[in-house]
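As a plain string of letters, each chain reads:
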There are 2 protein chains.
Amino acid sequence: MKIAVLGSGVVGQTIGTKLVELGHDVKMGSRTATNAKAAEWAGKAGTRASHGTFADAAAFGELVFNCTGGMVSLDALRMAGAQNLAGKILIDISNPLDFSKGFPPTLSVCNDDSVGEQIQREFPDAKVVKTLNTVNAILMINPSILPGEHDLFMSGNDADAKAMVRKILTEWFGWKIVIDLGDITTARGTEQLLPIWVRLMGLFKSPQFNFHIVRPATA
Amino acid sequence: MKIAVLGSGVVGQTIGTKLVELGHDVKMGSRTATNAKAAEWAGKAGTRASHGTFADAAAFGELVFNCTGGMVSLDALRMAGAQNLAGKILIDISNPLDFSKGFPPTLSVCNDDSVGEQIQREFPDAKVVKTLNTVNAILMINPSILPGEHDLFMSGNDADAKAMVRKILTEWFGWKIVIDLGDITTARGTEQLLPIWVRLMGLFKSPQFNFHIVRPATA
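The structure reproduced in this document is the subject of the present report. (Residues numbered from 1 in each chain as written. Chains lettered and ligands numbered in written order. Predicted model: local features only at pLDDT ≥ 70, side-chain atom pairs only at ≥ 80, totals over all residues. Heavy atoms only, no water.)

**Considerations on the sheet that holds strand S10 (residues 177-182) of chain B**
All names here are of chain B.
Step number 1: An order of S3-S2-S1-S4-S5-S8-S9-S10 is seen for the 8 strands of this open sheet, with the pairing classed as mixed. In the strand order of this sheet, the two ends are held by strand S3 (49-53) and S10, each with one partner. Direction aside, neighbouring strands of the sheet carry axes that sit 25° apart on average.
Step number 2: Both strand S1 (residues 2-6) and strand S4 (residues 63-66) contribute to a ladder of 4 bridges, which runs parallel. Paired with Val-5 across the strands is Phe-65, a residue of S4.
Step number 3: Across the sheet, helix H2 (residues 36-45) is in contact with strand S2 (25-30) and S3; its angle to S3 comes to roughly 160°. (Pairing = 2+ DSSP bridges. Helix = DSSP H or I, 4+ residues; strand = E, 2+ residues; numbered from the N terminus. Axes fitted to C-alpha atoms, helices over the stretch in contact; angles between N-to-C directions. Contact = heavy atoms within 4.5 Å.)

**Observations regarding the relation of the copies chain B and chain A**
Step number 1: Its rotation angle being 180°, the transformation that places chain B on chain A also includes 0.0 Å of axial translation and leaves an RMSD of 0.0 Å. Taken together, the rotation angle and the small translation identify this as a two-fold axis. Every residue of chain B has its C-alpha some distance from the rotation axis, and the shortest such distance is that of His212(B), at 2.5 Å.
Step number 2: Here 100% of the interface residues in chain B have copies in chain A that are interface residues too; the copies meet face to matching face. (Least-squares fit on C-alpha atoms with pLDDT ≥ 70 in both.)

**Regarding the side chain of Asn133(B)**
Step number 1: Structurally, Asn133(B) is set in the loop between strand S8 (127-131) and helix H7 (137-141).
Step number 2: Here Asn133(B) is in contact with Ile93(B), Ser94(B), Asn95(B), Thr190(B), Glu191(B) and Leu194(B), once residues within four sequence places are set aside.

**Quick word on the sheet that holds strand S9 (residues 151-156) of chain A**
Residues and elements named next belong to chain A.
Step number 1: The mixed open sheet is built from 8 strands, whose spatial order is S3-S2-S1-S4-S5-S8-S9-S10. The sheet terminates laterally at strand S3 (49-53) and strand S10 (177-182), the two strands that pair on one side only. In this sheet, neighbouring strand axes are inclined to one another by 25° on average, regardless of whether the strands run parallel or antiparallel.
Step number 2: Across 4 bridges, the pairing between strand S5 (residues 89-92) and strand S8 (residues 127-131) is parallel.

Here is the structure:
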(Lines give C-alpha, C1' and ligand atoms only; values in the text may rest on other atoms or scores of the structure.)
Protein backbone atom coordinates (compact mmCIF):
# COMPACT_ATOMS: atom_id res chain seq x y z
CA MET A 1 0.00 0.00 0.00
CA LYS A 2 1.17 3.56 -0.65
CA ILE A 3 1.32 5.45 2.64
CA ALA A 4 2.11 9.05 3.57
CA VAL A 5 3.83 9.79 6.85
CA LEU A 6 3.65 13.50 7.63
CA GLY A 7 6.41 14.57 10.01
CA SER A 8 10.06 13.57 10.21
CA GLY A 9 10.44 13.41 14.01
CA VAL A 10 10.78 10.30 16.14
CA VAL A 11 7.12 9.33 15.67
CA GLY A 12 7.20 9.74 11.90
CA GLN A 13 10.49 7.86 11.55
CA THR A 14 9.38 5.01 13.82
CA ILE A 15 6.02 4.57 12.09
CA GLY A 16 7.58 5.02 8.64
CA THR A 17 10.27 2.40 9.21
CA LYS A 18 7.74 -0.10 10.54
CA LEU A 19 5.49 0.41 7.51
CA VAL A 20 8.42 -0.11 5.11
CA GLU A 21 9.35 -3.29 6.99
CA LEU A 22 5.79 -4.48 6.51
CA GLY A 23 6.27 -4.10 2.75
CA HIS A 24 4.52 -0.80 2.15
CA ASP A 25 5.72 2.12 0.04
CA VAL A 26 6.15 5.08 2.35
CA LYS A 27 6.70 8.73 1.49
CA MET A 28 7.69 10.94 4.41
CA GLY A 29 6.41 14.50 4.11
CA SER A 30 8.07 17.62 5.51
CA ARG A 31 7.78 21.36 5.19
CA THR A 32 10.42 21.35 2.44
CA ALA A 33 11.39 18.77 -0.18
CA THR A 34 14.96 18.81 1.13
CA ASN A 35 14.41 18.18 4.85
CA ALA A 36 17.65 16.63 6.12
CA LYS A 37 16.02 14.27 8.63
CA ALA A 38 13.54 12.99 6.04
CA ALA A 39 16.30 12.52 3.46
CA GLU A 40 18.44 10.63 5.95
CA TRP A 41 15.50 8.46 6.94
CA ALA A 42 14.62 7.67 3.31
CA GLY A 43 18.26 6.83 2.60
CA LYS A 44 18.39 4.32 5.44
CA ALA A 45 14.92 2.82 5.36
CA GLY A 46 15.22 1.01 2.05
CA THR A 47 13.99 1.23 -1.51
CA ARG A 48 10.33 1.46 -0.53
CA ALA A 49 11.04 4.68 1.42
CA SER A 50 11.01 8.13 -0.17
CA HIS A 51 10.45 11.72 0.95
CA GLY A 52 9.10 15.03 -0.27
CA THR A 53 6.91 17.93 0.76
CA PHE A 54 3.76 17.46 2.84
CA ALA A 55 1.84 17.82 -0.45
CA ASP A 56 4.06 15.28 -2.27
CA ALA A 57 3.54 12.75 0.51
CA ALA A 58 -0.21 13.31 0.87
CA ALA A 59 -0.73 13.05 -2.91
CA PHE A 60 1.27 9.78 -2.91
CA GLY A 61 -0.44 8.10 0.02
CA GLU A 62 -3.67 6.11 -0.13
CA LEU A 63 -3.52 6.34 3.68
CA VAL A 64 -2.04 9.25 5.66
CA PHE A 65 -0.41 9.29 9.11
CA ASN A 66 -0.21 12.69 10.80
CA CYS A 67 2.96 12.47 12.89
CA THR A 68 3.49 16.23 13.21
CA GLY A 69 3.27 18.04 16.55
CA GLY A 70 -0.26 19.02 17.52
CA MET A 71 0.54 22.73 17.56
CA VAL A 72 1.62 22.67 13.89
CA SER A 73 -0.62 19.90 12.55
CA LEU A 74 -3.23 22.17 10.98
CA ASP A 75 -0.50 24.14 9.20
CA ALA A 76 1.18 20.98 7.98
CA LEU A 77 -2.11 19.56 6.72
CA ARG A 78 -2.95 22.81 4.93
CA MET A 79 0.38 22.47 3.15
CA ALA A 80 -0.49 18.84 2.39
CA GLY A 81 -3.63 20.14 0.69
CA ALA A 82 -7.29 19.30 1.23
CA GLN A 83 -7.51 17.73 -2.24
CA ASN A 84 -4.71 15.30 -1.33
CA LEU A 85 -6.50 14.25 1.85
CA ALA A 86 -10.06 13.98 0.52
CA GLY A 87 -11.59 10.52 0.82
CA LYS A 88 -8.53 9.14 2.62
CA ILE A 89 -8.12 7.77 6.10
CA LEU A 90 -6.03 10.24 8.11
CA ILE A 91 -4.58 8.64 11.24
CA ASP A 92 -3.91 11.50 13.63
CA ILE A 93 -1.25 10.75 16.26
CA SER A 94 -0.67 14.36 17.30
CA ASN A 95 -0.95 15.94 20.76
CA PRO A 96 -1.36 19.68 21.44
CA LEU A 97 1.58 19.84 23.86
CA ASP A 98 2.78 23.39 24.40
CA PHE A 99 6.24 23.55 25.99
CA SER A 100 6.60 27.29 25.38
CA LYS A 101 6.26 28.00 29.12
CA GLY A 102 8.52 25.11 30.14
CA PHE A 103 7.66 21.97 32.05
CA PRO A 104 5.02 20.75 32.60
CA PRO A 105 3.59 21.54 29.16
CA THR A 106 0.05 22.81 28.80
CA LEU A 107 -2.35 21.86 26.02
CA SER A 108 -2.83 24.42 23.22
CA VAL A 109 -6.38 23.14 22.78
CA CYS A 110 -8.47 21.09 25.22
CA ASN A 111 -11.70 20.70 27.18
CA ASP A 112 -14.34 21.63 24.56
CA ASP A 113 -12.17 20.97 21.49
CA SER A 114 -9.19 18.88 20.37
CA VAL A 115 -6.65 18.71 17.56
CA GLY A 116 -8.53 15.72 16.20
CA GLU A 117 -11.70 17.78 15.90
CA GLN A 118 -9.88 20.80 14.48
CA ILE A 119 -8.46 18.62 11.72
CA GLN A 120 -11.79 16.94 10.97
CA ARG A 121 -13.55 20.33 10.80
CA GLU A 122 -10.95 21.85 8.49
CA PHE A 123 -10.75 18.74 6.26
CA PRO A 124 -14.32 17.41 6.22
CA ASP A 125 -13.59 15.07 3.30
CA ALA A 126 -10.78 13.28 5.15
CA LYS A 127 -11.68 10.38 7.45
CA VAL A 128 -9.85 11.39 10.61
CA VAL A 129 -9.16 8.66 13.15
CA LYS A 130 -7.35 9.72 16.30
CA THR A 131 -5.25 7.00 17.86
CA LEU A 132 -1.75 6.04 19.08
CA ASN A 133 -1.37 9.49 20.71
CA THR A 134 -1.36 8.06 24.23
CA VAL A 135 1.81 5.99 23.91
CA ASN A 136 5.49 6.53 23.20
CA ALA A 137 6.69 5.96 19.61
CA ILE A 138 8.48 2.70 20.40
CA LEU A 139 5.36 1.28 22.03
CA MET A 140 3.17 2.32 19.08
CA ILE A 141 4.69 -0.42 16.95
CA ASN A 142 5.94 -2.74 19.72
CA PRO A 143 3.08 -3.04 22.22
CA SER A 144 4.37 -6.41 23.41
CA ILE A 145 7.37 -4.80 25.14
CA LEU A 146 4.93 -4.16 28.00
CA PRO A 147 3.60 -7.25 29.75
CA GLY A 148 -0.04 -8.25 29.99
CA GLU A 149 -3.04 -6.28 28.84
CA HIS A 150 -2.85 -2.59 28.00
CA ASP A 151 -4.93 -0.48 25.72
CA LEU A 152 -5.13 1.86 22.78
CA PHE A 153 -8.01 4.23 22.18
CA MET A 154 -9.57 5.28 18.89
CA SER A 155 -11.86 8.21 18.01
CA GLY A 156 -13.47 9.01 14.67
CA ASN A 157 -16.71 9.69 12.84
CA ASP A 158 -16.41 7.05 10.09
CA ALA A 159 -17.11 3.44 11.08
CA ASP A 160 -15.42 1.91 8.03
CA ALA A 161 -12.31 4.03 8.58
CA LYS A 162 -12.19 2.89 12.20
CA ALA A 163 -12.55 -0.74 11.13
CA MET A 164 -9.57 -0.32 8.79
CA VAL A 165 -7.54 1.46 11.48
CA ARG A 166 -8.33 -1.32 13.96
CA LYS A 167 -6.94 -3.79 11.41
CA ILE A 168 -3.78 -1.69 11.06
CA LEU A 169 -3.32 -1.42 14.81
CA THR A 170 -3.93 -5.09 15.53
CA GLU A 171 -2.60 -6.90 12.44
CA TRP A 172 0.23 -4.56 11.45
CA PHE A 173 1.36 -3.15 14.81
CA GLY A 174 0.35 -5.98 17.17
CA TRP A 175 -2.14 -4.25 19.47
CA LYS A 176 -4.53 -6.57 21.32
CA ILE A 177 -6.96 -4.08 22.87
CA VAL A 178 -8.26 -1.10 20.87
CA ILE A 179 -11.14 0.74 22.54
CA ASP A 180 -13.39 2.64 20.13
CA LEU A 181 -14.45 5.62 22.27
CA GLY A 182 -16.87 7.00 19.69
CA ASP A 183 -16.87 10.00 17.38
CA ILE A 184 -14.00 12.43 16.92
CA THR A 185 -15.11 14.57 19.90
CA THR A 186 -13.86 11.75 22.13
CA ALA A 187 -10.34 12.76 21.08
CA ARG A 188 -10.67 15.38 23.84
CA GLY A 189 -10.44 12.52 26.30
CA THR A 190 -7.27 10.97 24.92
CA GLU A 191 -5.51 14.29 24.28
CA GLN A 192 -6.26 15.19 27.90
CA LEU A 193 -4.49 12.03 29.03
CA LEU A 194 -1.24 13.78 28.18
CA PRO A 195 -1.05 15.92 31.34
CA ILE A 196 -0.93 12.81 33.55
CA TRP A 197 1.18 10.94 30.97
CA VAL A 198 3.85 13.65 31.14
CA ARG A 199 3.90 13.51 34.96
CA LEU A 200 4.09 9.70 34.96
CA MET A 201 6.99 9.84 32.52
CA GLY A 202 8.78 12.20 34.92
CA LEU A 203 8.03 9.94 37.87
CA PHE A 204 9.10 6.71 36.15
CA LYS A 205 11.97 8.41 34.28
CA SER A 206 10.81 6.43 31.25
CA PRO A 207 8.13 6.77 28.54
CA GLN A 208 7.64 3.00 28.40
CA PHE A 209 4.29 2.63 30.13
CA ASN A 210 0.69 2.54 29.08
CA PHE A 211 -2.87 2.80 30.33
CA HIS A 212 -5.08 -0.23 30.87
CA ILE A 213 -8.75 0.06 31.67
CA VAL A 214 -9.64 -2.59 34.24
CA ARG A 215 -13.21 -3.85 34.21
CA PRO A 216 -15.11 -6.42 36.28
CA ALA A 217 -14.37 -10.03 35.42
CA THR A 218 -17.20 -11.33 33.26
CA ALA A 219 -18.64 -14.15 35.30
CA MET B 1 -10.69 9.60 64.88
CA LYS B 2 -13.04 12.57 64.36
CA ILE B 3 -13.62 13.07 60.65
CA ALA B 4 -15.51 15.68 58.63
CA VAL B 5 -17.19 14.66 55.40
CA LEU B 6 -18.22 17.73 53.42
CA GLY B 7 -21.03 16.95 51.00
CA SER B 8 -24.12 14.79 51.34
CA GLY B 9 -24.21 13.26 47.86
CA VAL B 10 -23.35 9.69 46.91
CA VAL B 11 -19.61 10.21 47.45
CA GLY B 12 -20.05 11.80 50.89
CA GLN B 13 -22.52 9.17 52.02
CA THR B 14 -20.40 6.27 50.78
CA ILE B 15 -17.19 7.58 52.36
CA GLY B 16 -19.02 8.60 55.53
CA THR B 17 -20.64 5.21 56.04
CA LYS B 18 -17.34 3.41 55.47
CA LEU B 19 -15.57 5.63 58.00
CA VAL B 20 -18.28 4.99 60.60
CA GLU B 21 -18.00 1.24 59.97
CA LEU B 22 -14.27 1.55 60.59
CA GLY B 23 -15.08 2.98 64.03
CA HIS B 24 -14.57 6.67 63.39
CA ASP B 25 -16.79 9.55 64.47
CA VAL B 26 -18.07 11.24 61.35
CA LYS B 27 -19.85 14.56 60.96
CA MET B 28 -21.35 15.21 57.54
CA GLY B 29 -21.35 18.86 56.55
CA SER B 30 -23.87 20.58 54.29
CA ARG B 31 -24.87 24.09 53.34
CA THR B 32 -27.49 24.11 56.10
CA ALA B 33 -27.71 22.40 59.47
CA THR B 34 -31.00 20.80 58.44
CA ASN B 35 -30.05 19.20 55.12
CA ALA B 36 -32.50 16.32 54.63
CA LYS B 37 -30.05 13.94 52.98
CA ALA B 38 -27.44 14.51 55.68
CA ALA B 39 -30.02 14.04 58.43
CA GLU B 40 -31.27 10.83 56.84
CA TRP B 41 -27.71 9.55 56.46
CA ALA B 42 -26.83 10.37 60.08
CA GLY B 43 -30.01 8.67 61.26
CA LYS B 44 -29.14 5.46 59.43
CA ALA B 45 -25.37 5.31 59.78
CA GLY B 46 -25.24 4.74 63.54
CA THR B 47 -24.37 6.54 66.72
CA ARG B 48 -20.95 7.64 65.51
CA ALA B 49 -22.59 9.56 62.66
CA SER B 50 -23.80 13.15 62.98
CA HIS B 51 -24.38 16.11 60.71
CA GLY B 52 -24.30 19.90 60.67
CA THR B 53 -23.17 22.83 58.60
CA PHE B 54 -19.93 22.78 56.63
CA ALA B 55 -18.43 24.84 59.48
CA ASP B 56 -19.78 22.48 62.17
CA ALA B 57 -18.27 19.50 60.39
CA ALA B 58 -14.92 21.12 59.62
CA ALA B 59 -14.58 22.32 63.24
CA PHE B 60 -15.35 18.78 64.42
CA GLY B 61 -12.99 16.87 62.13
CA GLU B 62 -9.30 16.25 62.73
CA LEU B 63 -9.32 15.14 59.09
CA VAL B 64 -11.56 16.55 56.35
CA PHE B 65 -12.90 14.88 53.19
CA ASN B 66 -14.12 17.25 50.47
CA CYS B 67 -16.91 15.30 48.77
CA THR B 68 -18.65 18.32 47.24
CA GLY B 69 -18.83 18.87 43.50
CA GLY B 70 -15.79 20.60 42.04
CA MET B 71 -17.77 23.59 40.80
CA VAL B 72 -19.00 24.40 44.34
CA SER B 73 -16.05 23.15 46.40
CA LEU B 74 -14.44 26.56 46.98
CA ASP B 75 -17.77 27.97 48.13
CA ALA B 76 -18.36 25.04 50.45
CA LEU B 77 -14.87 25.31 51.92
CA ARG B 78 -15.28 29.05 52.46
CA MET B 79 -18.41 28.22 54.44
CA ALA B 80 -16.42 25.58 56.32
CA GLY B 81 -13.99 28.34 57.30
CA ALA B 82 -10.23 28.66 56.86
CA GLN B 83 -9.71 28.50 60.65
CA ASN B 84 -11.47 25.12 60.75
CA LEU B 85 -9.25 23.73 58.00
CA ALA B 86 -5.90 25.12 59.13
CA GLY B 87 -3.29 22.48 59.92
CA LYS B 88 -5.59 19.65 58.86
CA ILE B 89 -5.31 17.13 56.06
CA LEU B 90 -7.98 17.93 53.48
CA ILE B 91 -8.63 14.99 51.15
CA ASP B 92 -10.06 16.49 47.98
CA ILE B 93 -12.17 14.07 45.91
CA SER B 94 -13.86 16.70 43.77
CA ASN B 95 -13.92 17.04 40.00
CA PRO B 96 -14.75 20.24 38.08
CA LEU B 97 -17.42 18.59 35.92
CA ASP B 98 -19.70 21.16 34.29
CA PHE B 99 -22.90 19.60 32.96
CA SER B 100 -24.55 22.98 32.30
CA LYS B 101 -24.25 22.49 28.54
CA GLY B 102 -25.33 18.85 28.66
CA PHE B 103 -23.36 15.72 27.85
CA PRO B 104 -20.44 15.36 27.59
CA PRO B 105 -19.57 17.66 30.48
CA THR B 106 -16.69 20.09 30.18
CA LEU B 107 -14.27 20.97 32.98
CA SER B 108 -14.83 24.31 34.72
CA VAL B 109 -11.09 24.53 35.37
CA CYS B 110 -8.32 22.60 33.62
CA ASN B 111 -5.03 22.70 31.72
CA ASP B 112 -3.01 25.26 33.71
CA ASP B 113 -5.00 24.97 36.95
CA SER B 114 -7.18 22.50 38.87
CA VAL B 115 -9.66 22.45 41.72
CA GLY B 116 -7.00 20.91 43.90
CA GLU B 117 -4.71 23.87 43.31
CA GLN B 118 -7.51 26.39 43.74
CA ILE B 119 -8.29 24.92 47.15
CA GLN B 120 -4.63 24.80 48.21
CA ARG B 121 -4.13 28.43 47.14
CA GLU B 122 -7.21 29.67 48.96
CA PHE B 123 -6.50 27.62 52.11
CA PRO B 124 -2.70 27.65 52.37
CA ASP B 125 -2.77 26.33 55.94
CA ALA B 126 -4.69 23.20 54.96
CA LYS B 127 -2.77 20.18 53.71
CA VAL B 128 -4.62 19.38 50.52
CA VAL B 129 -4.22 15.90 49.09
CA LYS B 130 -6.09 15.18 45.87
CA THR B 131 -7.06 11.55 45.43
CA LEU B 132 -9.97 9.14 44.80
CA ASN B 133 -11.38 11.50 42.15
CA THR B 134 -10.70 9.07 39.31
CA VAL B 135 -13.01 6.28 40.50
CA ASN B 136 -16.70 5.77 41.20
CA ALA B 137 -17.86 6.07 44.83
CA ILE B 138 -18.40 2.33 45.29
CA LEU B 139 -14.89 1.58 44.05
CA MET B 140 -13.36 4.21 46.34
CA ILE B 141 -13.99 1.99 49.36
CA ASN B 142 -14.23 -1.39 47.58
CA PRO B 143 -11.30 -1.52 45.18
CA SER B 144 -11.31 -5.33 45.25
CA ILE B 145 -14.56 -5.49 43.27
CA LEU B 146 -12.32 -5.06 40.22
CA PRO B 147 -9.92 -7.94 39.52
CA GLY B 148 -6.16 -7.66 39.39
CA GLU B 149 -4.06 -4.55 39.65
CA HIS B 150 -5.52 -1.08 39.22
CA ASP B 151 -4.40 2.24 40.55
CA LEU B 152 -5.17 5.35 42.52
CA PHE B 153 -3.31 8.61 42.12
CA MET B 154 -2.36 11.14 44.78
CA SER B 155 -1.24 14.78 44.49
CA GLY B 156 -0.19 17.15 47.27
CA ASN B 157 2.52 19.45 48.57
CA ASP B 158 2.95 17.93 52.06
CA ALA B 159 4.89 14.66 52.29
CA ASP B 160 3.62 13.76 55.77
CA ALA B 161 0.03 14.41 54.74
CA LYS B 162 0.49 12.15 51.71
CA ALA B 163 1.99 9.42 53.91
CA MET B 164 -1.10 9.57 56.14
CA VAL B 165 -3.44 9.57 53.14
CA ARG B 166 -1.62 6.57 51.68
CA LYS B 167 -2.25 4.78 54.98
CA ILE B 168 -5.95 5.68 54.83
CA LEU B 169 -6.24 4.53 51.23
CA THR B 170 -4.41 1.25 51.74
CA GLU B 171 -5.24 0.23 55.32
CA TRP B 172 -8.74 1.69 55.65
CA PHE B 173 -10.06 1.42 52.09
CA GLY B 174 -8.04 -1.51 50.75
CA TRP B 175 -6.14 0.07 47.86
CA LYS B 176 -3.01 -1.79 46.75
CA ILE B 177 -1.46 0.70 44.31
CA VAL B 178 -1.35 4.43 45.11
CA ILE B 179 0.85 6.45 42.76
CA ASP B 180 2.18 9.69 44.25
CA LEU B 181 2.30 11.95 41.20
CA GLY B 182 3.96 14.84 43.01
CA ASP B 183 2.83 18.24 44.18
CA ILE B 184 -0.71 19.58 43.97
CA THR B 185 -0.21 20.85 40.40
CA THR B 186 -0.30 17.21 39.31
CA ALA B 187 -4.02 17.27 40.17
CA ARG B 188 -4.42 18.77 36.69
CA GLY B 189 -3.54 15.35 35.34
CA THR B 190 -6.09 13.39 37.35
CA GLU B 191 -8.89 15.93 36.95
CA GLN B 192 -8.25 15.78 33.19
CA LEU B 193 -8.80 12.02 33.30
CA LEU B 194 -12.50 12.77 33.71
CA PRO B 195 -13.20 13.53 30.03
CA ILE B 196 -12.16 10.02 28.99
CA TRP B 197 -13.66 8.53 32.17
CA VAL B 198 -17.06 9.95 31.27
CA ARG B 199 -16.84 8.54 27.73
CA LEU B 200 -15.74 5.13 28.99
CA MET B 201 -18.67 5.09 31.41
CA GLY B 202 -21.00 5.77 28.48
CA LEU B 203 -19.36 3.05 26.41
CA PHE B 204 -19.38 0.42 29.17
CA LYS B 205 -22.76 1.58 30.53
CA SER B 206 -21.19 1.23 33.97
CA PRO B 207 -18.96 3.32 36.26
CA GLN B 208 -17.24 0.19 37.61
CA PHE B 209 -13.86 0.44 35.89
CA ASN B 210 -10.49 1.90 36.70
CA PHE B 211 -7.16 2.90 35.24
CA HIS B 212 -4.04 0.80 35.61
CA ILE B 213 -0.64 2.02 34.55
CA VAL B 214 1.23 -0.88 32.96
CA ARG B 215 5.01 -0.78 33.19
CA PRO B 216 7.77 -3.11 31.99
CA ALA B 217 8.25 -6.26 34.04
CA THR B 218 11.22 -5.74 36.35
CA ALA B 219 13.65 -8.42 35.30
